[in-house]
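Topology and contacts: notes
Residues per chain, in single letters:
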Amino acid sequence: MSLYETIKTRITNQLSVAANSAQAAGELIFEELPNYVLEEPRDRQHGDLATNLAMVLAKQAKRSPREIASTLIRHLDTTETWIESSEIAGAGFINFHLDPLWLTNVITEVLKAGEAYGQVDIGKGQRVQVEFVSANPTGLLHMGNARGAALGDSLASLLTMAGYQVSREFYINDAGNQIHNFALSLEARYLQLLGQDAPFPEGGYHGEDLIDTVKGLVAKEGDKYLSIEPGLRREFLVRYALGEKMRDIRETLQDFGVEYDVWFSEQSLHDSGEVRLTLEELQKKEYIYEKEGALWLKSTLFGDEKDEVVVRSNGTPTYFAADIAYHRNKFDRGFDRVVNIWGADHHGHVARMKGAMSALGYDADNLQIILMQLVRLIQKGEVVKMSKRSGQYITLRELMEEVGKDAARFFFNLRDPDSTVDFDMDLAKAQSSDNPVYYVQYAHARLSSILRQAEELGDNGVQPLEEDLKRLNSSEERDLLKKMADFPSEITVAARLMEPHRLARYVLDLAGLFHTFYNSQRVLVDDEGLRRARLSLVRAVKQIVGNVLRILGVSAPERM
RNA sequence: GCGUUCGUAGUUCAGCUGGAUAGAGCGUCAGACUUCGAAUCUGAAUGUCGGGGGUUCGAAUCCCUCCGAACGCACCA
């Protein structure tokens, strides 16, 4: 635990002790200690930390919050808390001012931990699986997939930092109806390319990339599939196209900085019989009934709005059936928590998926689904409908070429997944230099530059003396140090809420505080002690900026 | 119609389990480079937190209601 967290825990505990001892002394009456918080006030004049304990006690104690506050302060043991002074403010807040010297420990802490600074252990080694993107292999990756990739990959890294054992997974939708449509589309393109008059299937995939795929095949293998049996022909075409599409998806995501641990095939669930076994298990538990020739899951028993078909009247299982088998498989692989990132258009699926897990006897609370609002494409001020079927969308590849991987990943991770993003490619291109990512990267380059120059001046990275570290007491330095000390708590909150975008905000703040410091204090001063102290501060800031950027999948340049 | 999510400055968006005077970027205005990187910094202006009600010491945050938006409500995935 970092020093700052230790201090906060200690004070929080001592506050309860103070309340209890005041009660024992007959100076305060309450039945049960209510929930209270110890937090950093927004306004620095309100001290370093503040608590609302007196206010939340007011009702039970039947006294004014300010009176209670003064009683609490009298009973508070401040040893080992770094508390320098306490005061009562506002409606009854207790504000604590800490001895600023505690801050100098932060630098040592950061430099000692290095890449591990910020690691916390709320995960306690639990195994978590994060499944994200899982795009249909029937087209190229688009903006929505880009958002999912940025979010999912950063979330996985964040959870790793928070002490979870994380596995990244991609679910390949290589079965079912869409593959059938895919096959028909491929076949039509194939026949058309070879001069035949083939109608394009209804509901087929119009993307240009599909034509390119078929062209590639014709260039390699000519018209050898023209004369064979259509069923066999489609099978060949699908196998070829699927291989190519998945290779492309894999490479594109890799270039976007995403490395998966597992690529899981939907078809394999059918082949292994898991889909059938899962349905049998549900049948045995009597959660399945027949109606109009189809098999239905009683998902309404578990909070769904209506029951769902799992086997069609023609005898084929639905996508939902395969998905149930898939999630059963996930839990059976031993994950303590399973996290899915889905587009908001799938929200109707959440209740039934959780319901299905409950039906199978798993704790649905261990299945967490993060819904991400859609990315809307804007062109010339108008919303353009994106769709794989129509073939009209901006690809992840194009996005990376136009604005770059770093800008794209930062852009998505700057936003709450709950907010809809309007994306205008022309605007993004024109404004790509305004992307806040450069603000952070510039700070990193600037930090690196200072260290390079220090080296040229003969600095050999000698640790500063403690009394020199204590000289970092300007308001700019103290604000910066506080922000640095807060990093482990930021990781804790972000991981608990599964919100990596908090880290993007954090690193922007940190970079801003550094830039402010840089403009007000000189690092490479003649005074050797002070210089060493500031250089160690610079090293520590650089370390943290680098650590955050690594989580966000953004590069941390030495120069730019 | 029912459900999910959202509505915060001119604009794009932050705002942890309810906390003190609601914050950033861009844009606007005024300043700062012969010294460590001006992709930076300093200062100024800008708000009925969609409207209304409720809960309480205290609400952008929780509840209700209305208005508006996106997305769902298939034997598609």
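The present account deals with the structure reproduced in this document.

Scoring rules and cut-offs
Starting from 1, residues in each chain are numbered consecutively following that chain's sequence as written. Starting at A for chains and at 1 for ligands, labels are handed out in the order in which the entities are written. Only residues with pLDDT of at least 70 are given local features in this predicted model, and only at 80 or more are side-chain atom pairs given and counted; all residues enter the totals for whole chains, interfaces and linings. To get the side-chain values, take all heavy atoms of the structure and skip hydrogens and water. Put simply, DSSP H or I for four residues or longer makes a helix, DSSP E for two residues or longer makes a strand, and each gets a number counted from the N terminus. Relative accessibility thresholds used throughout: buried, under 20% of the residue-type maximum; exposed, over 50%; partly exposed, between the two (1.4 Å probe, protein chains only). What makes two residues a contact is simply this: any of their non-hydrogen atoms within 4.5 Å. This count recognises Lys and Arg as positive and Asp and Glu as negative, with His and chain-terminal groups excluded. Taken as the charge location is NZ of Lys, CZ of Arg, CG of Asp or CD of Glu. What the arc describes is the spread of directions from the helix axis to the C-beta atoms. We call a residue near a molecule or strand as soon as one heavy atom of that residue lies within 4 Å of the molecule or strand. In protein, a polar contact means a hydrogen-donor-capable atom and an acceptor-capable atom, both N or O and within 3.5 Å, with residues adjacent in sequence counting only if both atoms are side-chain atoms; elsewhere, any N or O pair within 3.5 Å suffices. In this analysis, strands are considered paired if DSSP registers two or more bridges between them. The length a helix should cover is 1.5 Å for every residue beyond the first. Orientation is described by axes fitted as lines to C-alpha atoms, over the contacting stretch for helices, and by angles from 0 to 180 degrees between their N-to-C directions. Angles are sorted into four bins: roughly parallel if under 35 degrees, roughly antiparallel if over 145, roughly perpendicular if 65 to 115, and oblique for all others. In the scheme used here, Gly and all other residues not listed as nonpolar or charged are polar, with Ala, Val, Leu, Ile, Met, Phe, Trp, Tyr, Cys and Pro taken as nonpolar and Asp, Glu, Lys and Arg as charged. Any Lys or Arg side-chain nitrogen found within 4 Å of a carboxyl oxygen on Asp or Glu counts as a salt bridge.

So, about the overall build of chain A. Counting its secondary structure elements, chain A contains 21 helices and 15 strands. A principal-axis box enclosing the C-alpha atoms of chain A has dimensions of 90 × 65 × 40 Å. A burial count over chain A gives 53% of its 560 residues as buried. Restricting the contact set of chain A to residue pairs at least 6 apart, pairs at least 24 apart contribute 73%. Each charge sign in chain A was given a centre, from 65 positive and 83 negative side chains, and these centres are 0 Å apart.

It is worth spelling out helix 3 (residues 65-75) at this point. Taken as a whole, helix 3 has its buried residues at Ile68, Ala69, Thr71 and Leu72. In an axial view of helix 3, the angular spread of the buried residues amounts to 165°, which keeps them on one side of the axis. In this structure, the buried side of helix 3 is in contact with helix 1 (3-24), helix 2 (53-61), strand 3 (83-89) and strand 4 (93-98).

Our focus in this paragraph is the protein's contact with RNA strand B. Neighbouring residues of RNA strand B: 62 residues in total, closest Arg42, Arg312, Tyr439, Tyr442 and Arg446. When atoms of RNA strand B within 4 Å of the protein are sorted by moiety, sugar and phosphate together comprise 62%. At 3.5 Å from a sugar or linking oxygen of RNA strand B is found a side-chain nitrogen or oxygen belonging to Arg496. Between RNA strand B and Leu524, the relevant distance is 3.0 Å, taken from a base oxygen to a main-chain nitrogen or oxygen of the residue.

Let's shift gears to the sheet that holds strand 1 (residues 38-39). Taken in spatial order, the 4 strands make up an open sheet running 1-2-4-3, and their pairing is antiparallel. Looking along the sheet, the strands with just one partner apiece sit at the ends: strand 1 and strand 3. The sheet contact formed by strand 3 and strand 4 spans 6 bridges and is antiparallel. Within strand 4, the residue paired with Ala89 across the bridge is Phe93.

For the rest of this paragraph, the subject is helix 5 (residues 143-161). Its 19 residues place the ends of helix 5 27 Å apart at the C-alpha level, agreeing with the 27 Å of an ideal helix rising 1.5 Å per residue. Counting buried positions along helix 5 yields 18 of 19 residues, so the element is predominantly enclosed. Phi turns positive one or two residues past the end of helix 5, at Gly163, with a value near 95°.

Turning next to the packing of helix 1 against helix 3. Two elements in contact, helix 1 and helix 3, have axes whose closest approach is 8 Å; the angle formed by their N-to-C orientations is 100°. What the angle tells us is that helix 1 and helix 3 run roughly perpendicular. Each of Ala18, Ala19, Ser21 and Ala22 in helix 1 lies in contact with helix 3, whose residues at this interface are Thr71, Leu72 and His75. For the contact of helix 1 with helix 3, the class distribution of residues is 4 nonpolar, 3 polar and no charged.

Attention now moves to the pattern of salt bridges. Inspection of every chain in the model, using the stated rule, returns 29 salt bridges. Taking the shortest distance from any N to any O, the salt bridge between Arg397 and Asp255 comes out at 2.8 Å. With Arg397 in helix 13 (residues 396-403) and Asp255 in helix 8 (residues 230-255), this residue pair connects regions lying 142 residues apart in the sequence. Using a relative accessible area of 42% as the deciding quantity, one classes Asp255 as partly exposed. Linking Asp527 and Arg471 is a salt bridge whose minimum nitrogen-to-oxygen distance equals 2.5 Å.

Honestly, it's all geometry; don't read function into it.
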